[in-house]
Amino acid sequence: MTRPEPAVLTGAQLAGARELAARLDRSARESRGAPALNEAVWRDLESPRSDSAAVLLDGVALAHVARGDTASGRLWSAGLAVAPGARGPEVVGAVLGAAAAHVARHGGGRVLLWVLAAEPGDEELAAAAAFAPVRELYEMRVPLPVPQEVRWPDGVTVRDFVPGRDEAAWLGVNNRAFRDHPEQGGWTADTLRRRMAEPWFDPSLFLLAFDDAGLAGFDWCKVHPPDGRDPALGEIFVIGVDPRAAGRGLGRPLALAGLARLHGRGVGTGMLFCAADNAPALRLYRSIGFTVHRVDRAFAREVDPA
Ligand SMILES: CC(C)(COP(=O)(O)OP(=O)(O)OC[C@H]1O[C@@H](n2cnc3c(N)ncnc32)[C@H](O)[C@@H]1OP(=O)(O)O)[C@@H](O)C(=O)NCCC(=O)NCCS
């Protein structure tokens, strides 16, 4: 029997992919212990960009692709959800191949596919669609409260982010701190506005630290309500110190102060995502008590314009 061609939904049609996405995501949680699709995918299925696409195959597989928020517009992110019994090179190759063809029709670029709770066989599956491994990301967790005192360097003052006032300074520090980071660097005012418009956004969980020269660092946190599998999680969503102020003891109190705020909201577990090769950050997190809970892997493919 020949398999049906994948159906490609674009733009506003993406709402039609939500039911299958939710079903496949649930079965991934059951079979792999982690969701298949990350938050960026859900965000886009909820309010799709005009050039996003979802590829659906036979009720057993879904690939999603969306242009990233970076200034260049060349970076795309992809997600993949496949029913456990259908997880093979033919199915994965078909949906990811169709997603890559969509990117080709929209100017091409670099497509980054995130596989959550990666397993050894995933590399071979990604290769079926010409994706090669590029990065690993750790989800780390720590029980709260953390028994460490928050000690700020001399001359540092701390306050909450004020919407309408702190955006430009924050974008400057974020983009300098993450200048080498493909997704967290290169944020625009629009990227920030979109995140602040999300329902979880809470400026009282967004700490800013100032020194004599202005904004020096920040810790932006968010609360994930319990979801049946996980307890409530308090995430260090983005933490950064301006390179001009790095290595002077600001990162540690920022992290601890954010975790204390999260614990103050009744959250018993802190979590964050950290690139496996970010040695300074990993050292800091491990010394606070964070341990690796899950390993996600990114696979990339360069797609030429069609
Ligand atoms: C990670 C980051 C927030 C740490 O902030 P910081 O102010 O430089 O860190 P601190 O001076 O408070 O140092 C805290 C610990 O970090 C580690 N650390 C900091 N700089 C380091 C470096 N260059 N190399 C190795 N370890 C380093 C040390 O373990 C230090 O421990 P100590 O207190 O025992 O000396 C900062 O480096 C940063 O903004 N990096 C870029 C953005 C980023 O990667 N954010 C994290 C994403 S998960």
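Residues numbered from 1 in each chain as written. Predicted model: local features only at pLDDT ≥ 70, side-chain atom pairs only at ≥ 80, totals over all residues.

Engineer: Help me understand the overall build of the protein, please; the structure alone is not making it clear to me.
Structural biologist: A count of helical and extended segments in the protein gives eight helices and 12 strands. Its C-alpha atoms put the protein at 70 × 35 × 30 Å along the principal axes. Counting the 306 residues in the protein, one finds 38% classified as buried. Considering only intrachain contacts with a sequence separation of at least 6, the fraction spanning at least 24 residues in the protein is 74%. (Helix = DSSP H or I, 4+ residues; strand = E, 2+ residues; numbered from the N terminus. Buried ≥ 20, exposed ≤ 12 C-beta atoms within 10 Å, placed from the backbone. Contact = placed C-beta atoms within 7 Å.)

Engineer: Quick question: what am I supposed to make of helix 7 (residues 251–264) here?
Structural biologist: Helical periodicity: at 3.6 residues per turn, an α-helix aligns residues three or four positions apart in one direction. For helix 7, with 14 residues, the first-to-last C-alpha span of 20 Å sits near the 20 Å given by 1.5 Å per residue. Taken residue by residue, helix 7 has Gly-251, Pro-253, Leu-254, Ala-255, Leu-256, Gly-258, Leu-259, Arg-261 and Leu-262 as its buried positions. Packed against the buried residues of helix 7 are strand 8 (206–211), strand 9 (214–224), strand 10 (233–241), strand 11 (269–275) and helix 8 (279–288). Phi turns positive one or two residues past the end of helix 7, at Gly-266, with a value near 85 degrees. (Expected span 1.5 Å × (residues − 1).)

Engineer: What exactly am I supposed to notice about the nonpolar core here?
Structural biologist: Most often, soluble globular proteins keep nonpolar side chains buried together rather than apart. Counting residues in hydrophobic clusters, the biggest one holds 85 residues, and the most contacted among them are Val-55, Leu-62, Ala-63, Leu-80, Val-95, Ala-99 and Leu-113. With nine residues, the single largest contributor to this core is helix 3 (residues 89–105). When residues of this core are assigned to domains, at least three fall in each of domain 1 (7–136 + 297–303) and domain 2 (145–267). Val-55 has contacts with Pro-6, Val-8, Leu-62, Ala-63, Val-95, Ala-98 and Ala-99, leaving out every residue within four places of it along the chain. (Core = buried A, V, L, I, M, F, W, Y, C linked by C-beta atoms within 7 Å. Domains from an automatic or database assignment.)

Engineer: What is the right way to look at the pairing of strand 3 (residues 61–67) in this model?
Structural biologist: Two faces belong to every sheet, and in a regular strand the side chains alternate between them. Most of strand 3 sits out of view: seven of its seven residues are buried. Side chains Ala-61, Ala-63, Val-65 and Arg-67 of strand 3 all project onto a buried face; the interleaved residues Leu-62, His-64 and Ala-66 project onto the opposite face, where all are buried too. As judged from the five bridges shared by strand 2 (residues 53–57) and strand 3, these two strands associate in the antiparallel manner. Bridge pairing links Ala-53 to Val-65 in strand 3. Turn length for the strand 2-strand 3 hairpin, with the two strands adjacent in sequence and antiparallel, is three residues, and the turn residue Asp-58 shows positive phi of about 60 degrees. Across seven bridges, the pairing between strand 3 and strand 4 (residues 75–82) is antiparallel. Across the sheet, Leu-62 pairs through a bridge with Ala-81, a residue of strand 4. (Pairing = 2+ DSSP bridges.)

Engineer: Can you help me understand the domain arrangement of the protein in this one?
Structural biologist: A common measure of how large an interface is: the accessible area buried when the components associate. What the domain assignment lists for the protein is domain 1 (7–136 + 297–303) and domain 2 (145–267). With centres defined by C-alpha atoms, the gap from domain 1 to domain 2 works out at 29 Å. If you look at the interface, domain 1 gives seven residues, while domain 2 gives seven residues. Each residue belonging to the side of domain 1 that touches domain 2 can be placed in one class, and the counts come to two nonpolar, three polar and two charged. (Nonpolar A, V, L, I, M, F, W, Y, C, P; charged D, E, K, R; others polar.)

Engineer: What's the story with the site of the ligand in this structure? I'm lost.
Structural biologist: Near the ligand lie 20 residues; those nearest to it are Ala-246, Gly-251, Pro-280, Arg-283 and Leu-284. Sorting the residues of the shell around the ligand by element identifies strand 10, helix 7 and helix 8 as the ones contributing at least two each. For the shell around the ligand, the leading source of residues is helix 8, giving six residues. (Near = placed C-beta within 6 Å.)

Engineer: Hey, could you run me through unusual backbone geometry in this one?
Structural biologist: Only a minority of non-glycine residues have a phi that is not negative, and only a minority of peptide bonds are not trans. Omega for the bond connecting Leu-144 with Pro-145 falls within 30 degrees of zero, at 0 degrees, which places this linkage in the cis form. You can see Pro-145 is positioned in the loop between strand 6 (132–143) and strand 7 (157–160). At Asp-58, a position not held by glycine, the phi torsion is positive, near 60 degrees. Looking at where Asp-58 falls in the secondary structure, it is placed in the loop between strand 2 and strand 3. Overall, Asp-58 belongs to the partly exposed group, with 15 C-beta atoms counted inside 10 Å. Of note, the phi angle at Ala-130 is positive, near 65 degrees, even though the residue is not glycine.

Engineer: Explain the environment of Ala-260 to me, please; I cannot follow it from the model alone.
Structural biologist: With respect to the helices and strands, Ala-260 occurs in helix 7. Taking the C-alpha atoms as reference points, Ala-260 and Leu-250, separated by 10 residues in sequence, lie 15 Å from one another. With residues up to four places along the chain from it excluded, the contact list for Ala-260 reads Pro-145 and Val-150.

Engineer: So what exactly am I meant to see when it comes to the sheet that holds strand 3 here?
Structural biologist: Across a sheet, paired strands are connected by hydrogen bonds in the backbone, their directions being either parallel or antiparallel. Here 12 strands make up an open sheet; going across it, the order is 1-2-3-4-5-12-6-11-10-9-8-7 and the pairing mixed. Where the open sheet ends on each side, the last strands, each with one partner, are strand 1 (7–10) and strand 7. Adjacent strand axes in the sheet meet at a mean angle of 25 degrees, parallel and antiparallel pairs treated alike. Looking at chain direction, strand 7 and strand 8 are connected through four bridges and run antiparallel. Note that in strand 8 the partner of Arg-159 across the bridge is Leu-208. In the packing of helix 3 onto the sheet, the strands contacted are strand 1, strand 2, strand 3, strand 4, strand 5 (109–115) and strand 12 (291–303), and the crossing angle to strand 3 comes to about 25 degrees. Its contacts with the sheet place helix 8 against strand 6 and strand 11, and it is angled at close to 160 degrees to strand 11. (Axes fitted to C-alpha atoms, helices over the stretch in contact; angles between N-to-C directions.)

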